[in-house]
Every structure is written in structure tokens, then in C-alpha cells.
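Here's the letter readout for the chains.
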Amino acid sequence: MRPHRAFVPIIQPQVELGGREAHHLLDVLRARVGDTLTVFDGKGTEGRARVVQTEPGWVRLQVEETWPANKEPPHPVSLYVALLKGDHLAEVVRAATELGASTIVPILTQHCVVRELSENKLLRLRRIALEAAKQCERSVVPEVKPLLPLKLLPPVSQGLVAQPRTSAQVREVWDPQKPTALLTGPEGGLSDDEIQLLEERGFTPITLGPRILRAETAPVALLSLVTAGEGL
């Protein structure tokens with residue numbers, strides 16, 4: 001059985017946990033004094049810790065060893081994903097965390113049905129990213145940023161935007177030695193004007209195959225191609 005994992009903002013010789021982390025360790029995983037677990041700071045450092053004291057809603061850990069973890073893509077991959085209906089954006093954040101995205105940025109485009117992202121929803125997306133990072137044993141928790149209107153998107157050194165009926169493939173235009181920005185649109189797709197704006201900002205339209213993918217499938221498919229290093 002693999003050891004439990006806990007997120008700690010700062011790894012130091014002794015760590016005290018409360019709130020959600022303590023609840024998860026004590027009430028869900030049934031951790032007890034003497035148990036060992038892995039701690040990680042979400043920035044690339046992991047460690048082995050031992051439970052030395054517990055109280056209701058509170059845990060003290062003794063960190064015995066730390067190490068730099070090497071589980072991230074060699075160059076950062078940012079995912080810009082349009083607001084989606086229902087709980088689809090949460091599903092994308094979970095999958096994108098598992099696939100290695102370094103940053104996830106919800107964007108507002110012309111054809112988005114959903115037009116806003118509340119603070120509570122943003123906090124929930126960040127919690128989902130943290131829980132997904134713990135589950136998949138990532139050493140870094142991707143940052144989920146506030147909603148960004150497409151027109152405010154900054155220029156990128158290398159960008160790929162999924163666009164149906166485009167012929168260019170990822171492997172033909174993608175340089176794995178450079179940081180990468182990926183972008184996918186909403187259920188209604190991206191307009192011609194938006195594609196033109198994205199090209200001016202450094203994005204290249206690429207195909208994800210002959211079939212039209214759902215708006216929640218496209219970002220996962222595109223990210224898989226890049227973080228797997230295949231570029232097919």
C-alpha cells in the first residue's frame with residue numbers, strides 16, 4: 001500500500017495540520033501516531049513524515065527526510081480553457097492536473113454560455129486541483145487563475161489552439177523544448193475573429209483529428225498530446 005499524502009504549505013522539521021488535511025488524515029484515512037506519510041508543498045519538494053501527535057481536528061508531523069521531486073514536464077504547459085456548462089470545467093481541471101498542466105486559466109469567449117466565474121467556484125476549482133495533485137502524486141499543484149477575457153490574453157512564445165477543420169497537426173508545429181500555451185474554446189466554438197486574435201498573440205490553430213470533440217474533451221486531448229511528448 002502506498003503511503004498517504006498530505007499537502008503542507010511549508011515543509012519544515014515539524015508540521016502541524018488542521019482543517020481539511022487533518023480531517024482527511026484522521027477521519028478518512030484513519031492515520032494514527034507512528035504512521036508514515038508523504039508530504040509535499042505543491043512547489044516541487046516532497047518529504048517523508050511520521051505522525052507524532054493527534055487531537056480532534058489536529059495532527060502534528062515529524063518530517064524525517066525531504067527531496068526534490070521530478071514528476072513535471074520539462075517545460076511549463078499552460079492551459080487556457082473556455083468557461084463550460086455544468087460541472088465540465090471541474091472535470092477539465094482534475095484531468096489537466098493529472099496530465100501535468102502547470103497553470104490553468106479559465107477564459108471568457110464570445111460563444112461561452114456561462115459568462116462568469118464566482119469566487120466560490122474558483123476556490124472549488126483550486127481545491128479540485130489540490131486533491132487531484134495528491135491523488136496522482138504530483139509534486140506541484142497547478143495554479144488555477146481567475147477568469148480572463150480572451151481579448152486580455154497576453155502574447156505567448158508558443159501557443160496551440162484546437163480548431164476543427166484545420167489541417168496542421170501538433171507534431172508538425174510544436175517545439176517540446178519551449179514553454180507551451182494551449183487553448184480550447186467553449187461549446188459554441190471560437191469565432192473567426194477570435195482565431196485571428198489568437199494567431200496575432202502567438203497561437204497556431206491545430207487539428208485534434210477528423211471528429212468534432214466535445215468542449216470538455218478537447219482540452220484533455222490536446223494536453224495529452226503535449227505532456228506525453230508525442231505531438232501526434
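Whatever comes next refers back to the structure up there.
Quick caveat: nothing in here was measured; it's all calculated off a predicted structure.

(A) Up close: the overall build of the chain. Helix and strand counts for the chain stand at 6 helices and 12 strands. In terms of overall dimensions, the chain has C-alpha extents of about 60 × 35 × 30 Å along its principal axes. Split into buried and exposed, the 232 residues of the chain put 45% on the buried side. The contacts in the chain between residues at least 6 apart in sequence include a share of 71% that link residues at least 24 apart. Split by element, the accessible area of the chain, about 11900 Å² in all, is 51% carbon and sulfur. Of the charged side chains in the chain, 27 are positive and 28 negative; the average position of the first set lies 3 Å away from that of the second.

(B) Summary view of the packing of aromatic side chains. Within this structure, the stated rule accounts for 2 aromatic pairs. Ring geometry for Phe7 versus Phe40: centroids 5.7 Å apart, planes at 65°, classification edge-to-face. Separated by 33 residues along the polypeptide, Phe7 in strand β1 (residues 4-7) and Phe40 in strand β3 (residues 36-40) bring together distant segments of the chain. On the numbers, 6.4 Å between centres and 80° between planes, the contact of Tyr80 with Phe203 is edge-to-face. With Tyr80 in strand β6 (residues 77-82) and Phe203 in strand β12 (residues 203-206), this pair connects stretches of sequence that are 123 residues apart.

(C) Focus on the side chain of Glu216. Position of Glu216 relative to the elements: it lies in the loop between β12 and α6 (218-227). Taking the relative accessible area as the measure of exposure, Glu216 reaches 14% and is therefore buried. A polar contact is formed between the side chain of Glu216 and the side chain of Arg214, at a distance of 2.7 Å.

(D) Quick peek at the sheet that holds strand β4 (residues 45-55). On the basis of which strands lie adjacent, the open sheet formed by 5 strands has the order β1-β3-β4-β5-β2 and mixed pairing. Whereas interior strands pair on both sides, the edge strands pair on one side only; in this sheet they are β1 and β2 (14-17). The mean inter-strand angle of the sheet, taken between neighbouring strand axes irrespective of direction, is 40°. Relative to strand β5 (residues 58-68), β4 runs antiparallel, the two sharing 10 bridges. Its bridge partner lying in β5, Ala49 is registered against Val63.

(E) Local environment of the environment of Arg5. Structurally, Arg5 is set in strand β1. Assessed through its relative accessible area of 8%, Arg5 is described here as buried. Here the alpha-carbon distance between Arg5 and Glu21, two residues 16 residues apart in the chain, equals 9.5 Å. A distance of 3.5 Å separates polar atoms of two side chains, one belonging to Arg5 and the other to Glu46.

(F) Summary view of the nonpolar core. Counting residues in each nonpolar core, the largest one holds 47 residues, and the members touching the most others are Tyr80, Ile107, Leu183 and Phe203. In this structure, Ile107 is in contact with Tyr80, Val81, Ala82, Leu83, Cys112, Leu147, Leu148, Leu150, Leu153, Leu183 and Thr184, ignoring residues within four places of it in sequence. Counting 16 residues, the second largest nonpolar core, distinct from the first, contains Ala6, Val15, Leu17 and Ala49.

(G) How the structure looks around the pairing of β6. Counting buried positions along β6 yields 6 of 6 residues, so the element is predominantly enclosed. Alternating residues of β6 divide into Val77, Leu79 and Val81 and Ser78, Tyr80 and Ala82, and every residue in both groups is buried. Pairing analysis gives 5 bridges linking β6 to strand β7 (residues 103-108), with the strands arranged parallel. When the bridges of β7 are listed, Ser78 appears paired with Thr103. For the handedness criterion, the β-α-β arrangement of β6, helix α2 (residues 88-99) and β7 is classed as right-handed.

Definitions and limits used
- Residues numbered from 1 in each chain as written.
- Predicted model: local features only at pLDDT ≥ 70, side-chain atom pairs only at ≥ 80, totals over all residues.
- Heavy atoms only, no water.
- Helix = DSSP H or I, 4+ residues; strand = E, 2+ residues; numbered from the N terminus.
- Buried < 20%, exposed > 50% of the residue type's maximum accessible area, 1.4 Å probe, protein only.
- Contact = heavy atoms within 4.5 Å.
- Areas by Shrake-Rupley, 256 points an atom, 1.4 Å probe, with all protein chains shown as cover.
- Lys, Arg positive; Asp, Glu negative; His and termini not counted.
- Charge placed at Lys NZ, Arg CZ, Asp CG, Glu CD.
- Phe/Tyr/Trp six-rings, centres within 6.5 Å; stacked < 30°, edge-to-face > 60°.
- Polar contact = N/O pair within 3.5 Å; in protein donor to acceptor, adjacent residues only side chain to side chain.
- Pairing = 2+ DSSP bridges.
- Axes fitted to C-alpha atoms, helices over the stretch in contact; angles between N-to-C directions.
- Core = buried A, V, L, I, M, F, W, Y, C linked by side-chain atoms within 4.5 Å.
- Right-handed = clockwise from strand over helix to strand, strands pointing away.

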